[in-house]
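Structure assessment
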Amino acid sequence: MKQGNDFMVDMLDFDLPEAEDDVLWRAYKPTAAAAVEGDVILTVPFQAQTRGTRPAVAADEPQAVYRIRLRAYGDVALRVSVAFAGDVWEDSAMLDLDPALALQPLAVSETNTGWEIRDAPPAGQERGVLRAEVRTADPPTRTWGGTDLPKPQETLDLTLYPDGTTPIRFAAHDHFFPLKIESLPIAFVSREGKPHRALFALHSEPGECFAGTGERFAKLDLAGRTLVLENTDALGVNNRRAYKNVPFYLSSRPYGLFMHTSSHIRLSLADISTRAAQGLIEEPVLDLFVIGGGSVERVLHTYRRLTGFPPEVPLWSYGTWMSRMTYFSADEVREIAARLREGDFPCDVLHLDTGWFAKDWVCEWEFSEERFPDPAGFMAKMREQGFRITLWQTPNIGPGNKLLEEASARRYLAPLKPDAAGERAALPEGVPSDAAAESDFSAQGVAGQIDFSNPDAVDWYQRMVARLLEMGASAIKTDFGEELDFNGDFHDLSAEKLHNLYGLLYQRAAFEITQEVTGDGIIWARTSWAGCQRYPVHWGGDAACSWDGLAGSLLGGLQLGLSGFAYWSHDVPGFHGLPDFMASWPSDELYVRWTQFGVFSSHLRYHGTTPREPYAYPAVADIARKWLKLRYALIPYIVAQAAKTIKTGLPLLRALVLAHEEDPTCWHIDDEYLFGSDFLVAPIMNAAGIRNVYLPVGGWVDFWTGELIEGPCWLKEVAVELERMPLYVRQGAKVPVYPKPVSSTADMDLELAETLIFDTGYHGISETIVGSITGL
């Protein structure tokens, strides 16, 4: 029940029964450095340590020698790689290298204290830019009295300059006395005589802030947190679990670290040791991209240059998506569509969740013949009315699914390992209890998820999805993908390496076939890992219909935007009820406040376990209508901002630090955000309608009144009526808006957009064309 409060326990798990014979090996001083085909290779001995909380030299173990490779990508990133067993994963599905990010040849020279590593100098120059220093000389000491403490062991003292200026030092001397370690610069752990897992530590400075790591439902500054990067069904947005882990963090110094692995990671950011950002990777390979650039946006831009840029998404996707769990028939959907149009609620997408199959939740990629007798005709008619149809599906196939026999026989589902017979696989979250038998995958002798590491399985899956798209569906909801049966014998990867990567392979398959068939690159996805930003859009999972759920959702969205993603959405007004999961409805106030938040998100989707249509909330339907009309008026702005976003390191919904990183307060603001470059949005997260608002440096125009406020400043106890939300626009901003009311984006011609200028001539939204359209 207690933390070990010790590196060997809390970081390395040496207290676990399975670690009984594990051995820690720590890096010593390099014995050689050489330039080899543009890289620099360090020859480094590793020394085994005794067990216990005060490890010392294990004198009976000979040293092991490994080669650490340094490689430069342009003038902004360094890659540090070492394989203690196996090989470095040179080119994985996570990587999508920008061709312009060319390899920069490195040169090495010996100095009085060790080695310098510089860019190989251009012709006519003597020395290139400094990229790394290796210190082998011992730090100076002065003995002043007798002591029986052991001398410190050798260590790897390596400082990187990824952009030529920002020093990033591996944590070379992080101990109390030599036997009490808090972190190690580079090390590995062996099990049964073989390298088993690897670790690293970079020095953390006092006051340094950290962010990123995926959709983390946590405070913006992650300093003082130890995280496990292991995808799982988070079951909400108010806990430590995460649907979307990303092996990347951002430092306020600024620099970024991309851990190129799909294995599980324990990442401790100035926590187990406040002097170190350290990680334990559950495989015997380290492959680290250390990224500089001078600003957090440039760091994120380079991360995208390594792992891929988000693409453009279609215009219709910026409209309202309407859904619930679930619509069950074409007649029901037609009625929903008619009521939305009659009520003048603009909408582009009607989403069919789990109920469009012959049996609810049993995904066979075919419509129920009884409830959707003419799916192609149905979707064509909806399209004529300005509605797109999107479809839910899952990669899980179990007993009762007619595809099981074929999928098993052709190995589209991985067979279970021989020693896994009889073991019960976990029930995928969200599956009703009466479907439990259909998820008893162990009984069928195969893992229950499509094996997307198998090209034949990918082709089979894409052919099924293509039929639906050709029939008229506009996009696929790639739900789940966080869980994997570790008993499965998968085609191309071990379950341990496939687990976190599974969502990337799954989403790539759906995205690529959608783009091929429809011309639009878009899916609706939940899980993530590095590279998934290439396959938008992602939403925030199953938030509770509560103020906590609203706040937790925003936390996750901010962190995901600091992890390389451009687009992000969430279920309005939360997914599940409290206290009754299926039957508790959100309050009218929460419905409106979450709608306001959704309007100022990259994508706006209503979804949940009870009706979400605005007319189902008659007391506030008029307010919801006004905000949906505001959303459509702002679509030209959103499109313009998205076009800039996908060429930079920026998300649409962005933490204040992306524009104001020099302001230390902004590293701790996580209940407001910038929407694009010009709007500052401060959602109301309580029934009282009161909150504090922080405005960073610059002039800010009150969206409602036109009042100009100079930042930086705090606005205390800002009270707003339900129809309004604290909303500010950067002084001088020129915001394109659509000047006509529409039912969907099918009615839009973006060439007709007009510009609102937020300067001294702006006196509040009610006096503009947008005010006329919306009634706000």
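Relevant structure appears above.
In this report, the structure presented in the accompanying data block is examined.

Rules of the game
Residues numbered from 1 in each chain as written. Predicted model: local features only at pLDDT ≥ 70, side-chain atom pairs only at ≥ 80, totals over all residues. Heavy atoms only, no water. Helix = DSSP H or I, 4+ residues; strand = E, 2+ residues; numbered from the N terminus. Contact = heavy atoms within 4.5 Å. Pairing = 2+ DSSP bridges. Expected span 1.5 Å × (residues − 1). Buried < 20%, exposed > 50% of the residue type's maximum accessible area, 1.4 Å probe, protein only. Core = buried A, V, L, I, M, F, W, Y, C linked by side-chain atoms within 4.5 Å. Phe/Tyr/Trp six-rings, centres within 6.5 Å; stacked < 30°, edge-to-face > 60°. Lys NZ or Arg CZ within 6 Å of the ring centre and 35° of its normal.

**Thoughts on the environment of Leu650**
Of note, Leu650 is situated in the loop between helix 11 (635-645) and strand 30 (653-654). Sequence-distant contacts of Leu650, that is, excluding residues within four places in its chain, are made with Glu297, Arg304, Ala566, Thr645 and Leu658.

**What to know about the sheet that holds strand 10 (residues 157-160)**
Taken together, five strands build an open sheet; the order of strands is 7-8-9-10-11 and the sheet is antiparallel. If you trace the sheet from one side to the other, it starts and ends with strand 7 (106-110) and strand 11 (168-169), each paired once. Relative to strand 8 (residues 114-119), strand 7 runs antiparallel, the two sharing five bridges. Across the sheet, Ala107 pairs through a bridge with Arg118, a residue of strand 8.

**Describing helix 9 (residues 588-599)**
The first and last C-alpha atoms of helix 9 sit 17 Å apart over twelve residues, in line with the 16 Å expected at 1.5 Å per residue. Restricting attention to buried positions, one finds in helix 9 the residues Leu590, Tyr591, Val592, Arg593, Trp594, Thr595, Gln596, Phe597, Gly598 and Val599. Tucked into the core, helix 9 has its buried residues touching helix 8 (547-561), strand 28 (571-572), strand 29 (604-606), helix 10 (621-633), strand 30 and strand 31 (673-675).

**Thoughts on the nonpolar core**
Of all hydrophobic cores here, the largest spans 241 residues; its most connected members are Leu70, Leu350, Phe600 and Phe679. Not counting the four nearest positions on each side in its chain, Phe679 is found in contact with Phe600, Leu634, Tyr637, Tyr673, Leu674, Phe703, Leu727, Tyr728, Val729 and Val735. Listed in part, the 13 residues of the second largest apolar core include Met11, Phe14, Leu184 and Ile272.

**Here we look at the packing of aromatic side chains**
By the definition in use, this model includes 51 aromatic pairs. Relative to Tyr255, the ring of Tyr249 lies with its centre 5.8 Å away and its plane at 75°, an arrangement referred to as edge-to-face. Exposure remark for Tyr249: the relative accessible area of 0% places this residue in the buried category. Among the aromatic residues, ring-to-ring pairing joins Phe600, Trp627, Tyr637, Phe675, Phe679, Phe703, Trp704, Phe758 and Tyr762 into one connected group. The ring of Phe387 carries the charged tip of Arg341 above its face, separated from the ring centre by 3.8 Å. The positively charged end of Arg605 is found above the aromatic ring belonging to Trp539, 5.1 Å away from the centroid.

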